[in-house]
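Now for the letters of each chain:
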Amino acid sequence: MSEVKSVGSALPTNYKLNGKQCPRGERDNAEMRKVSYASAIGSLMYVMVCMRPDITFVVGVVSRYMSNLGREHWVAVKWILRYLKGTSRVCHRFGVGKAVLEGFTDSDMSGDVDSRRSAPGYVMTYVGGALSWQ
């Protein structure tokens with residue numbers, strides 16, 4: 001991954017992961033068992049919790065397929081890693097601007113292709129830095 005080109009978004013908006021992309025045969029299952037998917041997801045979760053809340057949603061999406069991953073799911077994880085490479089200088093910054101507490105909400109409106117459920121989210125910021133998010 002050190003030689004890959006970076007990308008500007010954590011996951012493209014038109015990129016939808018679903019259960020139909022899971023392996024169908026034993027050959028595909030054997031191929032995907034070689035991939036260290038759980039380790040990559042664990043590393044992404046560590047980065048997400050410690051310093052990069054901007055990838056929270058996409059890490060939640062790719063972690064749904066840890067028990068039965070397909071090629072498209074692995075491609076999505078590598079895309080997130082490419083995003084992190086390109087945004088490695090992004091960080092939280094406190095103390096810049098007015099002391100204002102702000103809250104923002106959003107929903108992806110039936111973004112889970114398998115269950116057709118929406119995923120709401122929020123972020124609370126203070127002086128421009130995220131304090132709480134879901």
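Residues numbered from 1 in each chain as written. Predicted model: local features only at pLDDT ≥ 70, side-chain atom pairs only at ≥ 80, totals over all residues. Heavy atoms only, no water.

Looking now at the sheet that holds strand β2 (residues 120–126). Taken together, three strands build an open sheet; the order of strands is β1-β2-β3 and the sheet is antiparallel. Each edge of the sheet is formed by a strand with only one pairing partner; in this case those strands are β1 (101–107) and β3 (129–133). Each strand axis lies, on average, 25° off the axis of its neighbour in the sheet, ignoring direction. As judged from the seven bridges shared by β1 and β2, these two strands associate in the antiparallel manner. Residue pairing in the sheet places F104 in a bridge with V123 of β2. (Pairing = 2+ DSSP bridges. Helix = DSSP H or I, 4+ residues; strand = E, 2+ residues; numbered from the N terminus. Axes fitted to C-alpha atoms, helices over the stretch in contact; angles between N-to-C directions.)

Low pLDDT marks regions whose predicted coordinates should not be analysed in detail. The pLDDT averaged across the chain works out to 81; a share of 92% of its residues lies at or above 70. Mean pLDDT across the elements of the chain bottoms out in helix α1 (residues 26–33) (76) and peaks in helix α2 (residues 37–50) (89). (pLDDT = per-residue confidence, 0-100.)

Each pair of packed helices can be summarised by the angle the axes make with each other and by the distance between the axes. Between α2 and helix α3 (residues 56–63), whose axes approach to 10 Å, the crossing angle comes to 160°. If you check the angle between α2 and α3, you find them roughly antiparallel. Here the hand of the crossing between α2 and α3 comes out left-handed. Contacts between α2 and α3 pair Y37, I41, L44, M45 and M48 from the former with T56, V59, V62 and S63 from the latter. (Parallel < 35°, antiparallel > 145°, perpendicular 65-115°, else oblique. Left-handed = near helix turned anticlockwise from the far one by under 90°. Contact = heavy atoms within 4.5 Å.)

Each turn of an α-helix holds 3.6 residues, which means side chains three or four residues apart point in the same direction. Spanning 14 residues, α2 covers 20 Å between terminal C-alpha atoms, matching the ideal 20 Å at 1.5 Å per step. Within α2 the residues assigned to the buried category are Y37, A40, I41, L44 and M48. An end-on view of α2 places all buried positions within 100° of arc, on one side of the element. Set apart from the buried face of α2 by more than 90 degrees, the exposed residues are Y46 and V49. The elements touched by buried residues of α2 are α3, α4 (71–86) and β3. (Expected span 1.5 Å × (residues − 1). Buried < 20%, exposed > 50% of the residue type's maximum accessible area, 1.4 Å probe, protein only. Arc of directions from axis to C-beta.)

Attention shifts here to the packing of aromatic side chains. Using the criterion set out here, one finds one aromatic pair in the structure. Seen from the ring of W79, R82 lies directly overhead, with NZ or CZ sitting 5.1 Å from the centre. (Phe/Tyr/Trp six-rings, centres within 6.5 Å; stacked < 30°, edge-to-face > 60°. Lys NZ or Arg CZ within 6 Å of the ring centre and 35° of its normal.)

The next thing to look at is α4. The end-to-end C-alpha distance of α4, which contains 16 residues, comes to 23 Å, matching closely the 22 Å that a straight helix rising 1.5 Å per residue would cover. Packing partners of the buried residues in α4 comprise α2 and α3.

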